[in-house]
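Descriptive analysis of the structure
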Amino acid sequence: MPYSLPINMAQSLLARVHKTEDIGIIEEVYLQLCKQLTKNAGYTNSYKGFKLFIMLIRTVPPTPELKPFLKHFLTVATKDDALGMASIIIEALELLEAAARLQIRAPSAPTPKDINDACFRDNQTLRHARRQSTVGHVAKIMNTKQQMEELESILQRSAFPSDLKEAIQFASKNTEDTSAVESAWSMLTVYAESQNLKVQLHELVKECKIRIKSLEGIPEYLVVELDAKLHVARMTPSCGVTGTELDEYANLRKSMQKQMEVREKLRDAYKKKDIELLHEAVDEASSTNNSNLEDCKNAEELINELDPSIISQMFTGLFGSSEPEPKPEPEKVRLSSWRI
């Protein structure tokens, strides 16, 4: 099957980069590709260009010195994206992080067929790919909107930039508007990057670990705030939060949620002054490492006041048993030992 000239040119370019050891040539190819993609107004050309960017990273990783520039370029491209390229650019960002760190070249350069399949698909396929990307983003945007509103409702203040909230609000009401959805998605990605979400999450987790061990326990707003930041971090891998960190933070979030549930049970049992419910709540607090809660200590004190067996034990400890002591049996005398 004959390939068109652009495919052959792309294959020749990637093959040359793969073959060379000249860092200058490698960096020049990356920079030229960035130049071609800067403010490129055509969806198809942008799609092909960013797909070629991904293939270039996979073929020959950029030098560590060039990586910060490329990361900045891709981040700005995400921010300025008006064509629905966000998912592809984010894929390039994720790949860039790993490739620049590992510095491993591909075993061979991509074949013309590889390039054709990745970069030069027909327009119908391109439209389908764009629509599929948009559908996925809509679900994430709706979830983000809900979490933002929940967090701000609890905090009773604005926690996110107004332009980001407006973009997400508009996209959630106009899910068929591809540009609106992609714009909101791009803004969310840039927000995570610009806010240094990795550091924010680290500080938030540190505070949560302290509060979960306190007498008062975790306040609800911290659970919701951690939820919101974890949600954004999962959707925007370019912010730098690793999978291991996400798993650790998610487990902490489960512990926080469990503590809130236990605390609610303790308070409910205390309010009802139900001895059985109090025992169950205290036992659950102990089994889930939440016996440090002040509510747990209050419940234990109330148990001591209400439980008759506890009161009886206290009096027994003070005065001894109230039951009469058994009389000693009289000593049996062996008649055979008497003599007449």
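The model shown is predicted, which means the values in this text are computed figures rather than measured ones. (Residues numbered from 1 in each chain as written. Predicted model: local features only at pLDDT ≥ 70, side-chain atom pairs only at ≥ 80, totals over all residues. Heavy atoms only, no water.)

Here's the deal with the nonpolar core
Counting 38 residues, the largest nonpolar core has Leu-188 and Met-256 as its most contacted members. Broken down by secondary-structure element, the contributors of at least two residues to this core are helix 5 (86-102), helix 7 (123-155), helix 8 (162-173), helix 9 (178-194), helix 10 (197-211), helix 11 (220-235) and helix 12 (243-272). Other than its neighbours up to four places away in sequence, Met-256 contacts Cys-208, Ile-212, Ile-218, Leu-222, Val-223 and Leu-226. The next biggest cluster of nonpolar side chains, apart from the first, holds 33 residues, and it includes Ile-7, Leu-66, Ala-92 and Ala-99. (Core = buried A, V, L, I, M, F, W, Y, C linked by side-chain atoms within 4.5 Å. Buried < 20%, exposed > 50% of the residue type's maximum accessible area, 1.4 Å probe, protein only. Helix = DSSP H or I, 4+ residues; strand = E, 2+ residues; numbered from the N terminus. Contact = heavy atoms within 4.5 Å.)

Looking at the packing of aromatic side chains
For any pair of aromatic rings, the description consists of the separation of the ring centres together with the inter-plane angle of the planes. Inspection of the entire model under this criterion finds 2 aromatic pairs. When the centroid spacing of 5.9 Å and the interplanar angle of 70° are considered together, the rings of Tyr-30 and Phe-53 count as edge-to-face. Highlighted residues: Tyr-30 in helix 2 (residues 23-37) and Phe-53 in helix 3 (residues 43-59), separated in sequence by 23 residues. By relative accessible area, which is 0% here, Phe-53 ends up buried. (Phe/Tyr/Trp six-rings, centres within 6.5 Å; stacked < 30°, edge-to-face > 60°.)

Some points on the confidence of the model for the protein
In the predicted model, the protein carries a mean pLDDT of 79, and 78% of its residues have values of at least 70. Confidence drops under a pLDDT of 50 for residues 335-340, and excluding neighbours within four residues, the segment shows 1 contact in the predicted structure. (pLDDT = per-residue confidence, 0-100.)

Considerations on the pattern of salt bridges
Under the criterion given, the structure shown has 14 salt bridges. A salt bridge links Arg-58 to Glu-91, with the nearest nitrogen and oxygen atoms 3.6 Å apart. With Arg-58 in helix 3 and Glu-91 in helix 5, this pair connects stretches of sequence that are 33 residues apart. Among the salt bridges present, the one from Lys-67 reaches Glu-97, with a minimum N-O distance of 3.1 Å. You can see Lys-67 sitting in helix 4 (residues 67-80) and its partner Glu-97 sitting in helix 5, a full 30 residues away along the chain. Overall, the relative accessible area of 23% leaves Glu-97 in the partly exposed class. Sharing partners across several salt bridges, the network here consists of Lys-258, Glu-261, Lys-265 and Glu-284. (Salt bridge = Lys/Arg side-chain N within 4 Å of Asp/Glu carboxyl O.)

Examining helix 12
Given a rise of 1.5 Å per residue, 30 residues ought to cover 44 Å, and the 44 Å separating the end C-alpha atoms of helix 12 matches this to within 8%. All of the buried residues in helix 12 are Leu-246, Tyr-249, Ala-250, Leu-252, Arg-253, Met-256, Gln-259, Met-260, Val-262, Arg-263, Leu-266 and Ala-269. Positive backbone phi, approximately 55°, marks Lys-273, located one or two places after helix 12. (Expected span 1.5 Å × (residues − 1).)

Focus: the environment of Val-223
By the secondary structure assignment, Val-223 is in helix 11. Along the backbone, Val-223 and Lys-254 are 31 residues apart, and their C-alpha atoms lie at a distance of 9.2 Å. If we skip the residues at most four places from it in the chain, Val-223 touches Ile-218, Arg-253, Met-256, Gln-257 and Met-260.

A short note on the side chain of Thr-59
Note on placement: Thr-59 falls in helix 3. Within polar-contact distance, the side chain of Thr-59 engages the backbone oxygen of Met-55 at 2.6 Å. Setting aside chain neighbours within four positions, we find Thr-59 in contact with Leu-14, His-18, Arg-105, Ala-106, Ala-109 and Pro-110. (Polar contact = N/O pair within 3.5 Å; in protein donor to acceptor, adjacent residues only side chain to side chain.)

Some words on unusual backbone geometry
With the exception of glycine, most residues fall at negative phi, and the peptide bonds are largely trans. Here Lys-273, not a glycine, exhibits a phi torsion of approximately 55°, which is positive. Mapped onto the elements, Lys-273 comes out in the loop between helix 12 and helix 13 (275-287). For Asn-289, which is not glycine, the phi dihedral falls at a positive 60°. Among the secondary structure elements, Asn-289 is positioned in the loop between helix 13 and helix 14 (294-306).

Details of the environment of Arg-105
Mapped onto the fold, Arg-105 is located in the loop between helix 5 and helix 6 (112-119). By relative accessible area, which is 28% here, Arg-105 ends up partly exposed. Counting along the chain gives 44 residues from Arg-105 to Pro-61, while the straight-line C-alpha distance between them is 6.5 Å. When near neighbours in sequence (up to four residues on either side) are disregarded, Arg-105 contacts Val-17, His-18, Lys-19, Thr-20, Glu-21, Ile-26, Thr-59, Val-60 and Pro-61. A distance of 2.6 Å separates a polar atom in the side chain of Arg-105 from the backbone oxygen of His-18. One polar contact links the side chain of Arg-105 to the main-chain carbonyl oxygen of Thr-20, over a distance of 2.8 Å.

Details of the packing of helix 13 against helix 14
Working note: a packed helix pair is described by the angle between its axes plus the distance between those axes. At their nearest, the axes of helix 13 and helix 14 sit 10 Å apart, and the two run at 145° to each other. Read as a crossing pair, helix 13 and helix 14 show a hand that is left-handed. Facing Ile-275, Leu-278, His-279, Val-282 and Ala-285 of helix 13, the residues of helix 14 in contact are Cys-296, Ala-299, Glu-300, Leu-302, Ile-303 and Leu-306. (Axes fitted to C-alpha atoms, helices over the stretch in contact; angles between N-to-C directions. Left-handed = near helix turned anticlockwise from the far one by under 90°.)

Description of the side chain of Ser-214
Considering the arrangement of structural elements, one finds Ser-214 in the loop between helix 10 and helix 11. On the basis of relative accessible area, Ser-214 is assigned to the buried category, the value being 17%. The contacts of Ser-214, once residues within four sequence positions are left out, are Asn-292 and Leu-293.

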